[in-house]
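# Breakdown of the fold
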Amino acid sequence: MNSKIRNIVLFVSTVFVLLSCAGESKTTPNKDKAEEMFQRVWELYRVPKYGLFSEYYPSSHRPDLTYFNDSTRQAQEVSYLWPMSGVFSSAVLMAAIEPEKYTVYVDSMVMAMERYYDTTRVPFGYQAYPVQFGKVDRYYDDNGLVGIDYIDSYLVTKNSHYLEKAKQVLTFILSGWDENFEGAVSWLEGVKDQKPACSNGKAMVLALKLYEATKDEYYLEVGKKFYHWIDKYLKDPERGVVWNSWLTTTSAVCPDLYTYNTGTLLQAAVALYNYTGEQAYLDNAKFLAEGSYKVFFKYTEDGIPYIADLPWFNLVLFRGYHDLYNVTGDSKYVDTMIKGLDYAWEHARDQAGLMYHDWTGRTDEKRKPKWLLDASCVPEYYARVAMIKGEVTNRKNK
């Protein structure tokens, strides 16, 4: 082989190797999983007749639901607001990493969410079931979820209508604020028996996100008021986790623990550190991260980490871990959650490709109907993992 041909062969070989390496560096396994599960949710749960979603897959499964204030409700033709909001959240995050493809889904979810908007009571707010089927209760935590989805939608799309909707939601929630026990709101409109972490935590996160979007000091102060109330009344100062609620009728705490309550305070602590630079907020965030890590995580005999709580509850904690990771670069907490998630992907999915409620796979859920809330959070999990692993860029605020 003469030198000229040899040089050509070497050049072609080098280009091939470089292209191969470039292709490998652009693999996006976690983004691919997020997209797969997002499409699966839309295919299996969507109710085209209403542009909404079913509570369960298959939709014929309609059990009694227990997440209401006064009694159970039977699952209906479409889902209640809480599970449906999980689809909205995942659509927004997918749009944050690929707006050209997923912004249309955000628009669709906005139309779906407005089916729950009640204008017969003042101030206007979102009720637990679509208004076309009748008047039902309005929960402050539900409204917090809606508000967060709207402000996140604004941060991704810059659609000013979404910003105004988020502001309206906070106005509704603040209509429930009273100074009994130094402030905060109840769970259910008109019922004052408790002041839970869920309602106040969601309002806190919403207010701080509104500050991020507008730089209006009013929203920062509102967020701080919620933060300091939760930190004083509901944080376990020894273990670094957040109790469920303050019972106003007995002046005592309800000590039940759910991961999402700690997750919202963790999110807020990181946000307040980012906005103010005050070290005390970051110290509290680290305290909550380590406390929740020690309290909530358990391990199977094979060493697989898991949390015995709703996957969606755990997602809210994961959001807090993700935010903290973005500040500190310490991947300990996100890595542990991701290890359990990946195990579930391989060992705890049914014939339809949906994840089990129990991510350890120790219970056989192959033929068990799957709740929309358990399924709708999985795309967001993997979209966040894709961000953490550097597969994609979060285009929020860009």
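Residues numbered from 1 in each chain as written. Predicted model: local features only at pLDDT ≥ 70, side-chain atom pairs only at ≥ 80, totals over all residues. Heavy atoms only, no water.

With that out of the way, let us pick up the overall build of the chain. In terms of helices and strands, the chain carries 14 helices and 14 strands. By its C-alpha atoms, the chain is 90 × 50 × 50 Å across when sized along the principal axes. The proportion of buried residues among the 398 residues of the chain is 56%. Across the chain, every contact between residues at least 6 apart in sequence was considered, and the portion connecting residues at least 24 apart equals 63%. (Helix = DSSP H or I, 4+ residues; strand = E, 2+ residues; numbered from the N terminus. Buried < 20%, exposed > 50% of the residue type's maximum accessible area, 1.4 Å probe, protein only. Contact = heavy atoms within 4.5 Å.)

A full pass over the atoms with the stated rule returns 39 aromatic pairs. Centre to centre, the rings of Trp82 and Trp371 are 5.5 Å apart; their planes meet at 85 degrees, and the pair counts as edge-to-face. Pair noted here: Trp82 is in helix H3 (residues 81-97) and Trp371 is in strand E14 (residues 370-371), with a separation of 289 residues, a long-range link. Accessibility assignment for this pair places Trp82 and Trp371 in one class, buried. Taken together, a centroid distance of 5.7 Å and an interplanar angle of 70 degrees make the contact between Tyr258 and Phe313 edge-to-face. (Phe/Tyr/Trp six-rings, centres within 6.5 Å; stacked < 30°, edge-to-face > 60°.)

Before going further, it helps to spend a moment on the packing of helix H2 (residues 29-45) against helix H14 (residues 378-388). Each pair of packed helices can be summarised by the angle the axes make with each other and by the distance between the axes. At their nearest, the axes of H2 and H14 sit 8 Å apart, and the two run at 165 degrees to each other. With respect to their mutual orientation, H2 and H14 come out roughly antiparallel. As for the relative orientation of H2 and H14, their crossing is left-handed in sense. Contacts from Asn30, Lys31, Lys33, Ala34, Met37 and Phe38 in H2 reach Val378, Pro379, Tyr382, Ala383, Val385 and Ala386 in H14. Residues belonging to the contact of H2 with H14 are distributed by class as follows: nine nonpolar, one polar and two charged. (Axes fitted to C-alpha atoms, helices over the stretch in contact; angles between N-to-C directions. Parallel < 35°, antiparallel > 145°, perpendicular 65-115°, else oblique. Left-handed = near helix turned anticlockwise from the far one by under 90°. Nonpolar A, V, L, I, M, F, W, Y, C, P; charged D, E, K, R; others polar.)

Moving on, we come to the confidence of the model for the chain. Mean pLDDT over the chain stands at 93; residues scoring 70 or higher make up 92%. A low-confidence stretch, residues 8-24 (pLDDT under 50), is modelled with one contact involving residues beyond four sequence positions or located in other chains. (pLDDT = per-residue confidence, 0-100.)

Here the focus is the pattern of salt bridges. When charged atoms on two side chains of opposite charge get close, those side chains can pair. In total, this model carries 23 salt bridges according to the counting rule given. Residues Asp236 and Arg239 are paired through a salt bridge, measuring 2.7 Å at the closest nitrogen-oxygen approach. Note on Arg239: relative accessible area 38%, which makes it partly exposed. One salt bridge connects Asp350 with Lys370, and the closest N-O pair in it is separated by 3.0 Å. Taken together, the residues span a long stretch of sequence, with Asp350 in the loop between helix H12 (332-347) and E14 and Lys370 in strand E14 at a distance of 20 residues. A relative accessible area of 4% places Lys370 in the buried class. Shared partners join several salt bridges into a network, and the residues in it are Lys31, Glu35, Glu98 and Lys101. (Salt bridge = Lys/Arg side-chain N within 4 Å of Asp/Glu carboxyl O.)

So, about helix H9 (residues 259-276). With 18 residues, H9 should reach 26 Å at 1.5 Å per residue; the first-to-last C-alpha distance of 26 Å fits that figure. Counting buried positions over the 18 residues of H9 gives 14, a clear majority of the element. (Expected span 1.5 Å × (residues − 1).)

Most of strand E10 (residues 241-247) is tucked away: six of the seven residues are buried. Bridge count between strand E8 (residues 194-196) and E10: three bridges; the pairing is antiparallel. Counterpart to Lys195 in the pairing with E10 is Trp246. Summarising the sheet, strand E9 (residues 235-236) and E10 pair through two bridges and their orientation is antiparallel. Residue Lys235 lies in a different strand from E10, and its bridge partner there is Val242. The pairing of E10 with strand E11 (residues 252-257) spans four bridges and is classified as antiparallel. Paired with Leu247 across the bridge in E11 is Ala252. Linkage of E10 to E11, two consecutive antiparallel strands, is achieved through a turn of four residues, within which Ser251 is found at a positive phi near 55 degrees. (Pairing = 2+ DSSP bridges.)

With that out of the way, let us pick up the state of the cysteines. If you walk through the whole model with that rule in mind, you get zero disulfides. Of all cysteine sulfurs, the one in Cys254 lies closest to Cys198, which takes part in no disulfide; the gap is 11 Å. Judged by relative accessible area, which is 7%, Cys198 ranks as buried. When its relative accessible area of 16% is taken as the criterion, Cys254 is described as buried. (Disulfide = S-S within 2.5 Å.)

The omega angle of the peptide bond from Tyr57 to Pro58 is 0 degrees, so this bond is cis rather than trans. Cis geometry marks the peptide bond from Val122 to Pro123, where omega comes out at 0 degrees. Position of Pro123 among the secondary structure elements: in the loop between strand E6 (117-118) and strand E7 (125-126). The phi dihedral of Ala184 falls on the positive side, at around 85 degrees, and the residue is not glycine. Of note, Ala184 is situated in the loop between helix H6 (160-174) and E8. Look at Ala184 and you get buried, because its relative accessible area is 0%.

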